[in-house]
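# Structural overview for review
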Amino acid sequence: MAGRSGVNLRERGVLYIVSRSAKPDAQRSIESLQRAGLDYCVKEVDEASNISAKASMLELSPFRETVFLDSDAIVLDDLDFGFEMAARHGLALSIAPTCWARRQWTADPDARYRVAPELVEYDLGVVFFTRTPETSRLFESWRAVAGEYGTTCERWSFSQVVYDAAYNPFVLSEGWNFRAKPITCGPIKIWHSRQPPPQNIDDWNRGPVGLGVIENGSVTRAPWYPSTFRAAYPRA
């Protein structure tokens with residue numbers, strides 16, 4: 001398939017946009033792609049431009065179907081569903097742990113623009129996308145305002161652009177962009193952390209879906225209402 005001014009695009013793969021200092025992390029991530037059998041492409045950028053470079057991920061990708069990964073994200077399981085949802089919706093994303101983009105108001109008060117008050121903040125460490133006119137327009141709009149919502153976090157400008165475009169991405173569960181939290185529910189597809197993943201992650205991912213506790217390098221099954229939740233979320 002041709003695209004990007006006649007360049008022949010590869011079918012499906014992983015895009016990394018990395019600074020020189022992040023290359024060792026990227027190598028760890030690339031090694032994890034063997035289990036998924038995925039092609040990949042690494043684009044190196046200057047340290048100073050690393051944040052805004054993400055806004056060019058569609059332009060930089062040599063693939064028709066792409067998952068962008070941060071350099072410290074490693075693949076633990078099959079990613080077909082993420083690609084399929086991107087093919088259906090144009091984008092497949094997960095919500096950031098800091099789920100309210102409104103934190104920009106206090107975290108970067110000198111930004112030229114403020115995000116809308118109720119915006120969801122999407123996590124850009126894992127982004128599935130396909131080449132459609134709609135996604136192309138979305139990324140063009142993002143490049144145009146990248147930095148206008150502050151240089152601390154590129155997620156704010158992205159979330160605002162998704163909102164302004166009335167774009168409806170598919171929202172993946174946190175297991176597709178897992179930030180090494182102590183609690184998980186179900187399989188972990190992409191481990192987004194420099195910490196090593198649980199030693200028994202393959203067994204966990206292939207077992208019955210349930211709630212798990214991650215500690216001492218392993219994930220173990222837990223009751224659906226574990227003691228760790230009781231203090232913060234007491235039963236009604």
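Refer to the structure printed above.
Not measured: the values here are computed from a predicted model. (Residues numbered from 1 in each chain as written. Predicted model: local features only at pLDDT ≥ 70, side-chain atom pairs only at ≥ 80, totals over all residues. Heavy atoms only, no water.)

### Section: helix α4 (residues 80-89)
Restricting attention to buried positions, one finds in α4 the residues Gly82, Phe83, Met85 and Ala86. For α4, the angular spread of buried residues about the axis comes to 165°, placing them on one side. In this structure, the buried side of α4 is in contact with β3 (10-18), β5 (63-69), β7 (91-100), β8 (120-130) and β9 (170-172). In the stretch just after α4, Gly90 is the one whose phi turns positive, near 95°. (Buried < 20%, exposed > 50% of the residue type's maximum accessible area, 1.4 Å probe, protein only. Helix = DSSP H or I, 4+ residues; strand = E, 2+ residues; numbered from the N terminus. Arc of directions from axis to C-beta. Contact = heavy atoms within 4.5 Å.)

### Observations concerning helix α7 (residues 154-164)
Judged by how many residues are buried, α7 sits mostly within the fold: nine of eleven residues are covered. Of all the positions in α7, only Glu154, Arg155, Trp156, Ser157, Phe158, Ser159, Gln160, Val161 and Val162 are classed as buried. Looking at the residues trailing α7, positive phi occurs at Ala166, about 55°.

### Section: the nonpolar core
One broad rule of soluble globular proteins: the nonpolar side chains tend to lie buried together. Counting residues in each nonpolar core, the largest one holds 23 residues, and the members touching the most others are Met57, Leu91, Val127, Phe129, Trp142 and Phe158. Sorting the residues of this core by element identifies β3, α3 (57-60), β5, β7, β8, α6 (133-145) and α7 as the ones contributing at least two each. For this core, the element with the most residues is β8, which contributes four residues. Those residues in contact with Met57 that sit more than four places away from it in its chain are Leu15, Ile17, Phe68, Val127, Phe129, Phe139 and Trp142. Residues Phe83, Ala92, Phe128 and Trp176 belong to the second largest nonpolar core, which totals 22 residues. (Core = buried A, V, L, I, M, F, W, Y, C linked by side-chain atoms within 4.5 Å.)

### Section: a nonpolar patch on the surface
Together, Ile95, Val120 and Val171 make up an exposed nonpolar region whose accessible area comes to about 210 Å². Structurally, Ile95 is set in strand β7. (Patch = residues over 30% accessible without salt bridge, like charges linked within 9 Å, V, L, I, M, F, W, Y side chains within 5 Å. Areas by Shrake-Rupley, 256 points an atom, 1.4 Å probe, with all protein chains shown as cover. Salt bridge = Lys/Arg side-chain N within 4 Å of Asp/Glu carboxyl O.)

### What about the packing of α6 against α7?
Between α6 and α7, the least distance of the axes is 9 Å, while the angle of their chain directions is 135°. Taken together, α6 and α7 sit at an angle that is classed as oblique. The way α6 lies across α7 gives a crossing that is right-handed. Mapping the contact onto sequence places Leu138, Ser141, Trp142 and Val145 in α6 and Glu154, Ser157, Phe158, Val161 and Val162 in α7. Here the residues of the contact of α6 with α7 are counted per class, giving six nonpolar, two polar and one charged. (Axes fitted to C-alpha atoms, helices over the stretch in contact; angles between N-to-C directions. Parallel < 35°, antiparallel > 145°, perpendicular 65-115°, else oblique. Left-handed = near helix turned anticlockwise from the far one by under 90°. Nonpolar A, V, L, I, M, F, W, Y, C, P; charged D, E, K, R; others polar.)

### Examining the pairing of strand β12 (residues 211-215)
Buried residues dominate β12, accounting for four of its five residues. The pairing of strand β10 (residues 183-185) with β12 spans three bridges and is classified as antiparallel. The residue of β12 that forms the bridge with Cys185 is Leu211. In this sheet, strand β13 (residues 218-221) lies alongside β12 in antiparallel orientation, the contact comprising four bridges. Paired with Val213 across the two strands is Thr220, which belongs to β13. (Pairing = 2+ DSSP bridges.)

### Some words on the sheet that holds β5
Strand order in the open sheet formed by six strands is β4-β3-β5-β8-β7-β9, with mixed pairing between adjacent strands. Two strands close off the open sheet at either side, each with one partner strand: β4 (39-44) and β9. Adjacent strand axes in the sheet meet at a mean angle of 35° when their direction is disregarded. Of the strand pairs in this sheet, β5 and β8 are connected by five bridges, and their pairing is antiparallel.

### Quick word on the sheet that holds β13
By definition, the strands of a sheet pair up through backbone hydrogen bonds, in either a parallel or an antiparallel sense. Spatial strand order, β10-β12-β13: three strands in an open sheet with antiparallel pairing. With one partner strand each, in any of the chains shown, β10 and β13 form the two edges of the open sheet. Across the sheet, the axes of successive neighbouring strands diverge by a mean angle of 35°, strand direction being ignored.

### What about the packing of aromatic side chains?
Using the criterion set out here, one finds ten aromatic pairs in the structure. A connected cluster of aromatic rings, assembled from ring pairs, spans Phe81, Phe83, Phe128, Phe170 and Trp176. The lysine or arginine in question, Arg114, covers the ring of Trp105, its NZ or CZ lying 4.9 Å from the ring centre. (Phe/Tyr/Trp six-rings, centres within 6.5 Å; stacked < 30°, edge-to-face > 60°. Lys NZ or Arg CZ within 6 Å of the ring centre and 35° of its normal.)

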